Amino acid sequence: MKYGFIFSGFFVIASLLMGCTVAPKENSEVAESIQPPKAEKIPETLTANGNKRVDNYYWMRLSEEQRDASTKDEQTAKVINYLSEENTYLHENLRHTEGLQDTLYNEMIARIKQNDESVP
């Protein structure tokens, strides 16, 4: 992906904006009405090099076969639904920064040669 850096930078900036800006009163009401999704905790004990650890979110791991399957199994559907809920929550909470996001994105694009395909 030749513009992967731009998109990852965009989401880092968006995340920082979400944490640093104070939403106007009307946006606060929207944010309060939408609760963040809560991931289910299903403890899975993993052992590596003689050390045991508990991973409560191991159920979110998908194999290549699960990701690429044309028919999604129950676990894959569950993970996709959770991620969709998180994306919806993020979108709703960052709605008031859409103008700023567009400005930042356009500024980043303007500083990059459009025909760059690799690192110089």
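Below you will find a few notes about this structure. Source: prediction; values computed, not measured.

### As for the overall build of the protein chain
- Counting its secondary structure elements, the protein chain contains five helices and two strands.
- When the elements of the protein chain are put in sequence order from the N terminus, they spell out α-α-β-β-α-α-α.
- Residue burial in the protein chain is summarised as follows: out of 120 residues, 18% are buried.
- In the protein chain, once contacts between residues fewer than 6 apart in sequence are set aside, the share between residues at least 24 apart is 48%.
- Carbon and sulfur atoms form 54% of the exposed surface of the protein chain, whose accessible area is close to 9500 Å².

### Brief notes about the side chain of Thr76
- Residue position: Thr76 is located in helix H4 (residues 74–94).
- Once residues lying within four places of it in the same chain are set aside, the contact partners of Thr76 are Leu62 and Gln66.

### Re the environment of Thr97
- In this structure, Thr97 sits in the loop between H4 and helix H5 (98–110).
- Looking at Thr97, its side chain comes within polar contact range of the main-chain oxygen of Leu94, at 2.7 Å.

### Observations regarding the nonpolar core
- Core analysis: the largest hydrophobic core is formed by five residues, namely Ala39, Trp59, Leu62, Val79 and Tyr82.
- Discounting residues that sit within four places of it in the chain, Leu62 has contacts with Arg67, Gln75, Thr76 and Val79.

Reading the values: rules and limits
Residues numbered from 1 in each chain as written. Predicted model: local features only at pLDDT ≥ 70, side-chain atom pairs only at ≥ 80, totals over all residues. Heavy atoms only, no water. Helix = DSSP H or I, 4+ residues; strand = E, 2+ residues; numbered from the N terminus. Buried < 20%, exposed > 50% of the residue type's maximum accessible area, 1.4 Å probe, protein only. Contact = heavy atoms within 4.5 Å. Areas by Shrake-Rupley, 256 points an atom, 1.4 Å probe, with all protein chains shown as cover. Polar contact = N/O pair within 3.5 Å; in protein donor to acceptor, adjacent residues only side chain to side chain. Core = buried A, V, L, I, M, F, W, Y, C linked by side-chain atoms within 4.5 Å.

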